[in-house]
Amino acid sequence: MDSLLNTYNSLKAARAPWEGWWDSLRRYVLPARQDDDSPVADAASLRGLGDTTAVEACQKLASGHMSYITPGHEMWFKWSCTDPDAGDEAESWYNKCSEIANAELARSNFYTELHECFLDRVGLGTGSLFCGNTRGGNLLFRHIPCGQFVCAEDDEGTLDTFMREFTLTPHQAEAQFGRKALGPHARAMLESGAEPHTGRLRFLHVVRPRHTRNRKRDDARNMPFESLYYSLDDNCVTEESGYREMPYMVTRFLRWGEGPYGLAPARLVYPDIRQAQFLNRILDMLGEVAAFPRILELANQSGEVDLRAGGRTLINPESASLGFPREWATSGRYDIGMDRLRQKQDAINRAFFVPMLELWSERRQQMSAAEVYARENERVMLFSPSFTLFTSDFRPLMERVFALLFRMGRFPQPPSTVLRANARGEAEVPEPRVVYQGRIAMVMRRIQSEGVERALQRLQSLAALDPAVADHVDLDRTFRLSARLDGVPEGILRSESSVKRLRRKREADAAALAFAQEQATQPQPPSQP
């Protein structure tokens, strides 16, 4: 176990340079998360926050992730067959599995935990989510706060090591591990007669590749990933098991070098965020001075100047000739300060892609469809690096969801066209390809669809000169591909076998009709007397 703790401490040391940035960003972007140990948001976390532009922008972009990447009320993803020659039956099976999975995610706590993960991804640059199953056999997700875990990648850039430190009450520890598996300190807390819901026990969960295992055995201790729960209070292992897939997902907003942690948009405009705080305090002071101006008065007028609304102050001729009392030092330029503040706020909003989000929420009755598409293409393409990284980081999680639901028996029986032989010669279902169908993904794929449409228009014009040029395009496959790219429900599309039967029937009916017409046009033989 010493090597395990050494690895954990070395990964914590590698994470240390990020922790200072995370603390600074929490102060201005996620102030409610400055104290992760507090069960409620402390009012002190908002103290000194003069401008909330970054806080609001973070909330908007995280909500935009939920609305335009993973909307819970839509089919925001589907699985597709990785083999393009598998046929329509295989593609239809994967689409049915996708519809079942979307319903299962809606039944679980997925969207609640995912929003917390997106807040970390947007605000701090790195978010994490755990995917498992409940004791009742349903999907279970848990957001892992940024700063409470360490991770590492393999040589291909894939997350393969994850360690998180967390606390449980004695009651929770007994429910998860059982009293016998706990160490002496934890058992003493349970047997002391004290309230089991108070007190904290520290644990470390480690998931890492298992280098030595029997690949012919499919039990928990021979799975590809080793899982260890280690009690930091009792220095003992409370549970040892394994996972077939990595249960933790780490998503970054943008990559920063070769490390596993990500770059937050707030880091790009951190000076603007600080300046906005300063300018807002200055403008507040100018507003107070304008509403309650400084008064310059003679020494012998002390206590005699009435500053109340409608108040009357009596002065002698000498004071009047000197111009006392009078306002003093109230000539600050509030308008210039507002202009500078708006510049800083606009920079912050651009960094958080608020103009892209407002494009879909603002009124667009005066815009043509072509203008709307052009603006969407322009603004969404700026977001494409972050979205592309999201799809890459999210892929292992979606593959794990597929594998869990398949093992739970939630999917229909796969057709033979789906099955592939593995290294041992056994038939298995390969990992699917994930196709995202949210608003942002649809805009990015629309560029591809527009290319298909332009090619078909060009084909139509060339076919007028030479009809043989149409032989280059499989129109059936083009239509089915474009329909699925546009998110058409699978139930609308007939299977390829149904289309073939329909065409054979249509050809037979046309042949029968032609034969009947031919018989009707032939001269009838003269009737016999």
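Our structure's up above, just so we're on the same page.
About the criteria used
Residues numbered from 1 in each chain as written. Predicted model: local features only at pLDDT ≥ 70, side-chain atom pairs only at ≥ 80, totals over all residues. Heavy atoms only, no water. Helix = DSSP H or I, 4+ residues; strand = E, 2+ residues; numbered from the N terminus. Rg over C-alpha atoms; globule rule 2.2 N^0.38 Å. Buried < 20%, exposed > 50% of the residue type's maximum accessible area, 1.4 Å probe, protein only. Contact = heavy atoms within 4.5 Å. Areas by Shrake-Rupley, 256 points an atom, 1.4 Å probe, with all protein chains shown as cover. Lys, Arg positive; Asp, Glu negative; His and termini not counted. Charge placed at Lys NZ, Arg CZ, Asp CG, Glu CD. Salt bridge = Lys/Arg side-chain N within 4 Å of Asp/Glu carboxyl O. Polar contact = N/O pair within 3.5 Å; in protein donor to acceptor, adjacent residues only side chain to side chain. Pairing = 2+ DSSP bridges. Axes fitted to C-alpha atoms, helices over the stretch in contact; angles between N-to-C directions. Phe/Tyr/Trp six-rings, centres within 6.5 Å; stacked < 30°, edge-to-face > 60°. Disulfide = S-S within 2.5 Å. Expected span 1.5 Å × (residues − 1). Parallel < 35°, antiparallel > 145°, perpendicular 65-115°, else oblique. Left-handed = near helix turned anticlockwise from the far one by under 90°. Nonpolar A, V, L, I, M, F, W, Y, C, P; charged D, E, K, R; others polar.

Engineer: For the overall build of the protein, give the residues involved together with the corresponding values.
Structural biologist: Along its length, the protein carries 15 helices and 14 strands. Rg of the C-alpha trace for the protein: 33 Å, well past the compact-globule value of 24 Å for 529 residues, more than 25% over. Reported as C-alpha extents along the three principal axes, the dimensions of the protein are approximately 145 × 75 × 45 Å. Going through the 529 residues of the protein one by one, you find that 40% of them count as buried. The long-range fraction of contacts in the protein, counting pairs at least 24 apart against all pairs at least 6 apart in sequence, stands at 68%. For the protein, the computed accessible surface area is about 29,800 Å², with 52% contributed by carbon and sulfur atoms. Positive and negative side-chain charges of the protein, numbering 67 and 71 respectively, have mean locations separated by a distance of 2 Å.

Engineer: Tell me what's going on with the side chain of Arg210, and back it up with residues and numbers.
Structural biologist: Mapped onto the fold, Arg210 is located in the loop between β6 (201–209) and β7 (225–231). Notably, Arg210 is buried but unbridged: the nearest opposite-charge side chain belongs to Glu240, and the N-O separation is 4.6 Å. At 3.3 Å, the side chain of Arg210 and the backbone oxygen of Ala220 are in polar contact. Polar side-chain contacts of Arg210 include one of 3.2 Å to the backbone oxygen of Arg221. If sequence neighbours within four positions are ignored, Arg210 has contacts with Ala220, Arg221, Asn222, Met223, Pro224, Phe225, Glu226, Ser241 and Gly242.

Engineer: Give a description of the pattern of salt bridges that names residues and reports values.
Structural biologist: Within this structure, the stated rule accounts for 24 salt bridges. Glu116 is the salt-bridge partner of Arg33, the closest N and O atoms lying 2.2 Å from each other. Here Glu116 lies in helix α4 (residues 110–123) and Arg33 lies in the loop between α1 (2–28) and α2 (53–68), a separation of 83 residues in the sequence. A salt bridge links Arg202 to Asp233; its shortest N-O distance comes to 3.4 Å. Linking Arg202 in strand β6 with Asp233 in the loop between β7 and β8 (236–243), this pair joins segments that are 31 residues apart in sequence. Judged by its relative accessible area of 34%, Arg202 is partly exposed. Asp233 sits in the partly exposed class, given a relative accessible area of 28%. Counted as one network, the salt bridges with shared partners bring together Glu153, Arg252, Arg255 and Asp393.

Engineer: I'd love a proper account of the sheet that holds β7, names of residues and values included.
Structural biologist: The strand order β4-β5-β6-β7-β8 describes an open sheet built from five strands, whose pairing is antiparallel. With one partner strand each, in any of the chains shown, β4 (149–153) and β8 form the two edges of the open sheet. Adjacent strand axes in the sheet meet at a mean angle of 15°, parallel and antiparallel pairs treated alike. As judged from the seven bridges shared by β7 and β8, these two strands associate in the antiparallel manner.

Engineer: Describe the packing of aromatic side chains, listing the residues and the values that go with them.
Structural biologist: Tallied over the entire structure, the rule returns 35 aromatic pairs. On the numbers, 5.1 Å between centres and 70° between planes, the contact of Trp93 with Tyr94 is edge-to-face. As far as burial versus exposure is concerned, Trp93 and Tyr94 are alike and both buried. Note on Phe253 and Phe383: the rings are 6.2 Å apart at their centroids and 65° apart in plane angle, and the pair reads as edge-to-face.

Engineer: Go over the pairing of β6 with me, naming the residues and quoting the values.
Structural biologist: In terms of strand pairing, strand β5 (residues 159–168) meets β6 through seven bridges, oriented antiparallel. Counterpart to Phe162 in the pairing with β6 is Val207. The pairing of β6 with β7 spans seven bridges and is classified as antiparallel. Paired with Val207 across the two strands is Ser227, which belongs to β7.

Engineer: So what about unusual backbone geometry? Which residues, and what values?
Structural biologist: A positive phi angle, close to 55°, is found at Asn235, a residue other than glycine. Relative to the assigned elements, Asn235 resides in the loop between β7 and β8. Using a relative accessible area of 52% as the deciding quantity, one classes Asn235 as exposed.

Engineer: Outline the pairing of strand β2 (residues 126–133), listing residues and values.
Structural biologist: In terms of residue burial, β2 counts as a mostly covered element, since seven of its eight residues are buried. Bridge count between β2 and strand β9 (residues 248–252): five bridges; the pairing is antiparallel. Looking at β9, one finds that Phe130 is bridged to Tyr248. Connecting β2 to the next strand, strand β3 (residues 139–143), in antiparallel fashion are five residues, including Gly137 with a positive phi near 90°.

Engineer: Requested: an account of the state of the cysteines, with residues and values cited.
Structural biologist: A covalent bond bridging the sulfur atoms of two cysteines is what the word disulfide describes. With the rule as written, the count across this model stands at zero disulfides. With no disulfide of its own, Cys58 lies 12 Å from the sulfur of Cys146, the closest cysteine sulfur.

Engineer: Go over the sheet that holds β9, please, and point to the residues and values.
Structural biologist: Read across the sheet, three strands follow the order β3-β2-β9 without closing on themselves; strand pairing throughout is antiparallel. Here the strands that pair on one side only, and so sit at the sheet edges, are β3 and β9. Strand after strand, the sheet turns through a mean of 25° between neighbouring axes, direction not considered. α4 contacts β2, β3 and β9 of the sheet and is inclined by roughly 160° relative to β2.

Engineer: Quick one: what's the story with α4, residue by residue and with numbers?
Structural biologist: Taking 1.5 Å per residue, 14 residues should reach 20 Å; α4 reaches 20 Å between its end C-alpha atoms and fits that length. A large share of α4 lies buried, amounting to 11 of its 14 residues. Listed in full, the buried residues belonging to α4 are Phe110, Tyr111, Glu113, Leu114, Cys117, Phe118, Leu119, Asp120, Arg121, Val122 and Gly123.

Engineer: Explain the environment of Ala62 to me, using residue names and the numbers behind them.
Structural biologist: As for its placement among the helices and strands, Ala62 is situated in helix α2. Taking relative accessible area as the criterion, Ala62 reaches 0% and is therefore assigned buried. Distance from Ala62 to Leu481, taken between C-alpha atoms, is 31 Å for residues 419 residues apart in sequence.

Engineer: I'd like a description of the packing of helix α8 (residues 270–291) against helix α10 (residues 334–351), backed by residues and values.
Structural biologist: It is the contact of α8 with α10, at a shortest axis distance of 9 Å, that shows an interaxial angle of 155°. In terms of orientation, α8 and α10 fall into the roughly antiparallel class. At the point where α8 passes α10, the crossing takes the left-handed sense. The residues of α10 that touch α8, namely those facing Asp272, Ile273, Gln275, Ala276, Leu279, Asn280, Leu283, Leu286 and Gly287, are Tyr334, Gly337, Met338, Arg340, Leu341, Lys344, Ala347 and Ile348. Looking at the contact of α8 with α10 residue by residue, the class counts come to 10 nonpolar, four polar and three charged.

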